[in-house]
Amino acid sequence: MKALSTITLYCCIFLLQACSFHLFAQCYFDKEINHSFEKIYNYQLISADSIVSKELSKTNSSEWKLLKVNVAWWQIVSGYNEDKYWNKTFLTQIDQTLKDIGKSNLEIDKNRYYFIILYAFRTRYDIFNDKYFSAVNHLNACINQIKKSFEKEVEFEPFYLTSGLYYYFMAKAWENYPLMRPYLKIYPKGDKIKGLSYLYKIAKSNDIFLKSEANYFLMRIFYDMEKQYDKAAFHAEYLLKLYPENIIYRYYLIKILEDSGKTEEMQQQINLYKKYLYKNTELSVAQKKYLIEMLSKKNS
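Everything in this summary refers to the structure shown in the same document. (Residues numbered from 1 in each chain as written. Predicted model: local features only at pLDDT ≥ 70, side-chain atom pairs only at ≥ 80, totals over all residues. Heavy atoms only, no water.)

Examining the overall build of the protein chain
Alright, step 1. Counting its secondary structure elements, the protein chain contains 15 helices and zero strands.
Alright, step 2. Looking at the 300 residues of the protein chain, the share that counts as buried comes to 59%.
Alright, step 3. Contacts in the protein chain between residues at least 24 apart in sequence constitute 64% of all its contacts with a sequence separation of at least 6.
Alright, step 4. By element, 52% of the accessible surface of the protein chain is carried by carbon and sulfur atoms, the whole surface being about 13,100 Å². (Helix = DSSP H or I, 4+ residues; strand = E, 2+ residues; numbered from the N terminus. Buried < 20%, exposed > 50% of the residue type's maximum accessible area, 1.4 Å probe, protein only. Contact = heavy atoms within 4.5 Å. Areas by Shrake-Rupley, 256 points an atom, 1.4 Å probe, with all protein chains shown as cover.)

Let's talk about the nonpolar core
Alright, step 1. Phe90, Leu161, Tyr166 and Tyr273 are the most contacted members of the largest nonpolar core, which totals 93 residues.
Alright, step 2. With 12 residues, helix α11 (residues 208-225) is the largest single contributor of residues to this core. (Core = buried A, V, L, I, M, F, W, Y, C linked by side-chain atoms within 4.5 Å.)

Comments concerning the environment of Tyr243
Alright, step 1. Mapping Tyr243 onto the fold places it in the loop between α12 (229-242) and α13 (247-260).
Alright, step 2. Separated by 205 residues in sequence, Tyr243 and Glu38 have C-alpha atoms that sit 8.7 Å apart.
Alright, step 3. Beyond its immediate stretch of four places on either side in the chain, Tyr243 contacts Glu38, Tyr41, Asn42, Ile208, Ser212 and Tyr249.

Quick notes on the pattern of salt bridges
Alright, step 1. Using the criterion set out here, one finds 15 salt bridges in the structure.
Alright, step 2. Arg112 is the salt-bridge partner of Glu107, the closest N and O atoms lying 3.1 Å from each other.
Alright, step 3. Residue Asp126 is joined to Arg122 by a salt bridge in which the shortest nitrogen-to-oxygen separation is 2.6 Å. Here Asp126 and its partner Arg122 are both found in helix α6 (residues 109-128), four residues apart, which amounts to about one turn of the helix. Taken individually, Asp126 and Arg122 each receive the classification buried, so the pair is uniform in this respect.
Alright, step 4. Beyond isolated ion pairs, a larger network of salt bridges with shared partners links Lys172, Glu175, Lys192 and Glu226. (Salt bridge = Lys/Arg side-chain N within 4 Å of Asp/Glu carboxyl O.)

As for the packing of helix α8 (residues 159-176) against α11
Alright, step 1. Relative orientation of the contacting elements α8 and α11 amounts to 10°, with a least axis distance of 11 Å. Relative to α11, the element α8 is oriented roughly parallel. Every residue of α11 that contacts α8 at Leu161, Leu165, Tyr168, Phe169 and Lys172 is listed here: Leu210, Glu213, Ala214, Phe217, Ile221 and Met225.
Alright, step 2. Here the residues of the contact of α8 with α11 sort into nine nonpolar, no polar and two charged. (Axes fitted to C-alpha atoms, helices over the stretch in contact; angles between N-to-C directions. Parallel < 35°, antiparallel > 145°, perpendicular 65-115°, else oblique. Nonpolar A, V, L, I, M, F, W, Y, C, P; charged D, E, K, R; others polar.)

What follows is the structure, encoded as structure tokens:
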């Protein structure tokens, strides 16, 4: 079961591990969408939800529904993992948005991208709740659209992110789990070099959201997969320059510094973690307790 869960996590492009997703950018959307993203990245989740809820009362657009999913995900992974409201909101918004997109033309790049992201969210949620076979089914539901997005990266920049993640993690799964190769053969072949080159390309994007997501996944790749802690720390520090109040980004920097043996720097980051956590007025007492316990488990 452990091997299956790991493979599934790789195959669903490693998306959404305690992180947001990217819609695709400030040059495409109005200032309110950009503003809500800024709130989410800066861990102002109540403010972000207020903006999204207000807009959803006026419009039925997929963009705002996706943002609602995004806010719900951040709430769930920040201590509300058993909260009925946020779990129901997350699942309901995904189902409704998939129905809306299913009635549209998936040959349109934006719709295809949304479709992939929604199923990646659903797959990640299954893994978060240890429902691995359900995760495989949700992966299979979107694999055809992932395949169709390949070679369209130049035309539609966000595909560099999803393709880069897919190529890297599928190659890594093939490399690490030879016994699973018969299962992996049903999916398009991975390519670590190509995958990383795509992520590095998008990490330099003028789009702040694509840039943030690419740096997040490069941080996770070099920390979790490659064990190259200096590179992982570089990307974590870059993210924190953009969003110093993002508790999850700082949490990963602490983990990286701990595993690097940099005790003094780690303690400095723990102090900053607690500072930003306690000053955040948009997290509940229960959430703060959860996030402190999460830190304590790693550093006990």
